[in-house]
Amino acid sequence: MFEPIDRLLDKITSYRLMLYYLAGLLLAAVVLSLAGDIQYNPLAIIASVIVLAATSWAVNIIFARIFKAPTNNESWLITALILALIITPKFGIYNITFLIVAAGLAMASKYILTIKNTHIFNPAAIAVTLTALGPHQNASWWIGTAVLVPFVIIGGLLLTRKIHRGPMVASFFGAVLVATVIYSLLGDSSITESLHRALLGSPVLFLGFVMLTEPLTSPSTRNKQVWYAVLVGALLPPQIRILNFYPSPEFSLIIGNIFSAIVSPKIRLFPALKSKARIATNVIDFTFTPGQKLAYKPGQFMEWTLPHKAVDSRGNRRYFSLASSPTEPDLRLGIKFNKPGSSYKQAMLSLKNGVPIVAAQVAGDFTLPKDTDQKLVFIAGGIGITPFRSMIKYLCDTNERRDIILIYAARSQDELAYQPIFETARQQLGISTHYILSSVRGKLPNFVHSGHVSAKTIQELIPDYIERNFYISGSQLMVASIQHSLAELNVPRRHIKLDRFPGYTKVKQPPKKIVT
């Protein structure tokens, strides 16, 4: 039932979806204000957006030049639109000054309040926290108006599905509800009224869907994301008082950001391109010199920002799984190129040796289990092989033996990448690899099979499949198909791990022949 939605979401980046979401909320607010359903002046809403966007753009440009940092148009605009939805839209010098100060503080925080070149706090939250503590100008969080709730929920659910933060968002809302009930009982107030106020007359939904989920200021792994969400949610009910201080929504989020910085430290690197080489028909392997040691687990991913001219609608940021192992001195990416290709991919192809790129946010739970005795099956489709290259290279370098069967699906043998590593693993560690090719004829070696990965294929190649955990990485369509096959075989859902990360986009185009 979600397939049409997923197809739509596959065509857009998470940052662009966030922009459309926020812009849609503001448009809905303007329309509802014209209809008299909300009390705010539509012209004031529009004016607030203009002031915030202009200030955010200008201040961001200034600080980017001072710190010689790359700029990202989506980032400052997202912050401006968030501020427009939480600061009361009003005319007057006092309010315009508030907007300018808030936007300036938000942009400055991204460059000043940092650890290892990465900002700690959600920019919008820290901005209105500082204005509340300083000149006592507070955010009203007017987006919490009940009539806007349906728009917040619909867009929020789409965004959550896109960035795969469902458990985190659900934990947040659960914590808010439980805390609200507890404090209502302790305060002898109506639970029904408190819950109604928490969900329909407060910023809870907007905070949970939009600000809590910001990748740079939230933890990078699922368990830590859940604890982070619970902490922020537990601090949110209005009945909570710390000494004589009542935490605001933005302050609760700031506390969560501090927790995130402690349990999930972020890092930003500027690795320089060392080499690039075609390793399959439409795949290029990029090797970067990181400049400093990077701690990560095999199978994790990072956000890669590449400033370039004529940036298209998919932006200048991508999430790529690290194909390298932590045992290697360099960082390695395996990237698939399609025709015609985005402006980002074209810039990657044109990248010269020695030129740096921005890499941040080591994240992801698609990693080897702690139990080394656990039997595993790795199933990769196309460029989904990259996290498995990382894991298997790590096992080879550390000489760590695990019971692993790798199934690698592609259209033809020319599209198979990193085969030498898998052959080394077979000889050194006994890891068996089966290649499944969809467009091949004739007699094949016993480790190469014709067709697709299906329930029948899994049964034939893995007789003890019911005893194993399955790791699946590839296109959304391929992953869904294999999940269906495993369901046919009664493989428990808890035995299936998917390679998911925010920002995934898929453009169905014929492969481009790449020459390097």
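All of these numbers come straight from a predicted model, not from anything done at the bench.

Visitor: Please explain the overall build of the protein chain as it appears in this structure.
Guide: Tallying secondary structure elements over the protein chain gives 17 helices and 15 strands in all. Taking 2.2 N^0.38 as the reference for a compact globule, 516 residues should give roughly 24 Å; the C-alpha atoms of the protein chain span a radius of gyration of 25 Å, in line with that estimate. Seen along its three principal axes, the alpha-carbon backbone of the protein chain occupies a region of about 80 × 50 × 40 Å. Here the protein chain holds 516 residues, and 54% of them are scored as buried. Excluding contacts between residues fewer than 6 apart, the proportion of contacts in the protein chain whose partners are at least 24 apart in sequence is 76%. Taken together, the 51 basic and 28 acidic charged side chains of the protein chain have centroids lying 7 Å from each other.

Visitor: How do you make sense of the packing of helix H5 (residues 93-112) against helix H6 (residues 123-133) when you look at a structure like this?
Guide: To characterise two packed helices, one gives the angle between the axes of the helices and the distance between these axes. At their nearest, the axes of H5 and H6 sit 8 Å apart, and the two run at 125° to each other. Taken together, the axes of H5 and H6 are oblique relative to one another. Here H5 and H6 pass one another in a crossing that is right-handed. Each of Phe98, Val101, Ala102, Leu105, Ala106, Ser109 and Lys110 in H5 lies in contact with H6, whose residues at this interface are Pro123, Ala124, Ile126, Ala127, Leu130 and Thr131. Residue classes in the contact of H5 with H6 are distributed as ten nonpolar, two polar and one charged.

Visitor: Quick question: what am I supposed to make of the pattern of salt bridges here?
Guide: In a structure, side chains of opposite charge can pair up when their charged atoms sit close to one another. Tallying each qualifying case throughout the model produces 13 salt bridges. The salt bridge involving Arg161 is made with Asp6; its shortest N-O contact spans 2.8 Å. Here Arg161, found in helix H7 (residues 149-163), pairs with Asp6, found in helix H1 (residues 3-10); they are 155 residues apart in sequence, far enough to count as distant. Classification of Asp6 by relative accessible area gives partly exposed; the value is 22%. Salt-bridge contacts for Asp285 lead to Arg332; the nearest nitrogen and oxygen are separated by 2.5 Å.

Visitor: I tried to follow H6 on my own but got confused; where do I start?
Guide: Owing to its 3.6 residues per turn, the α-helix brings residues three or four apart onto one side. Counting buried residues along H6, nine of its eleven residues qualify, which places the element largely inside the surrounding structure. Buried within H6 we find Pro123, Ala124, Ala125, Ile126, Ala127, Val128, Thr129, Thr131 and Ala132. Contacts made by the buried residues of H6 are with helix H4 (73-86), H5, strand E2 (118-119), helix H10 (204-211) and helix H12 (249-263). Taking the backbone nitrogen of Ala124 as reference, a side-chain oxygen 3.2 Å away marks Asn122 as the first, capping residue of H6.

Visitor: How should empty space enclosed by the protein be read in this particular structure?
Guide: Empty space among the atoms can be located by rolling a probe the size of a water molecule over them. One pass over the structure, following the stated rule, counts four cavities of 30 Å³ or more. Here the largest cavity defines a volume of roughly 60 Å³. Surrounding the largest cavity, Pro290, Gln292, Lys293, Leu294, Tyr296, Ser325, Pro326, Glu328, Pro329, Asp330 and Leu331 form its lining. Its residues assigned to classes, the lining of the largest cavity shows six nonpolar, two polar and three charged.

Visitor: Is there a simple way to think about the nonpolar core in this case?
Guide: Here is a general trend for soluble globular proteins: nonpolar side chains tend to be buried in one another's company. By size, the foremost hydrophobic cluster in this structure holds 78 residues, and its most contacted members are Leu22, Leu83, Trp142, Phe172, Phe206, Val210 and Met211. Looking at this core element by element, the count peaks at twelve residues for helix H2 (residues 14-34). Each residue touching Trp142, except ones within four places of it in the same chain, is listed here: Leu26, Ala29, Ile38, Tyr40, Ile45, Ala84, Leu85, Ile86, Ile87, Thr88, Pro89 and Leu148. Of all hydrophobic cores here, the second largest spans 30 residues; its members include Phe388, Ala410, Phe422 and Ile431.

The rules behind these values
- Residues numbered from 1 in each chain as written.
- Predicted model: local features only at pLDDT ≥ 70, side-chain atom pairs only at ≥ 80, totals over all residues.
- Heavy atoms only, no water.
- Helix = DSSP H or I, 4+ residues; strand = E, 2+ residues; numbered from the N terminus.
- Rg over C-alpha atoms; globule rule 2.2 N^0.38 Å.
- Buried < 20%, exposed > 50% of the residue type's maximum accessible area, 1.4 Å probe, protein only.
- Contact = heavy atoms within 4.5 Å.
- Lys, Arg positive; Asp, Glu negative; His and termini not counted.
- Charge placed at Lys NZ, Arg CZ, Asp CG, Glu CD.
- Axes fitted to C-alpha atoms, helices over the stretch in contact; angles between N-to-C directions.
- Parallel < 35°, antiparallel > 145°, perpendicular 65-115°, else oblique.
- Left-handed = near helix turned anticlockwise from the far one by under 90°.
- Nonpolar A, V, L, I, M, F, W, Y, C, P; charged D, E, K, R; others polar.
- Salt bridge = Lys/Arg side-chain N within 4 Å of Asp/Glu carboxyl O.
- Polar contact = N/O pair within 3.5 Å; in protein donor to acceptor, adjacent residues only side chain to side chain.
- 1 Å grid on protein atoms, 1.4 Å probe; cavity = no way out; pocket = protein on both sides within 12 Å on 5 of 7 lines; lining within 4 Å.
- Points joined across faces, edges and corners; volume = space filled by probe spheres on them.
- Core = buried A, V, L, I, M, F, W, Y, C linked by side-chain atoms within 4.5 Å.

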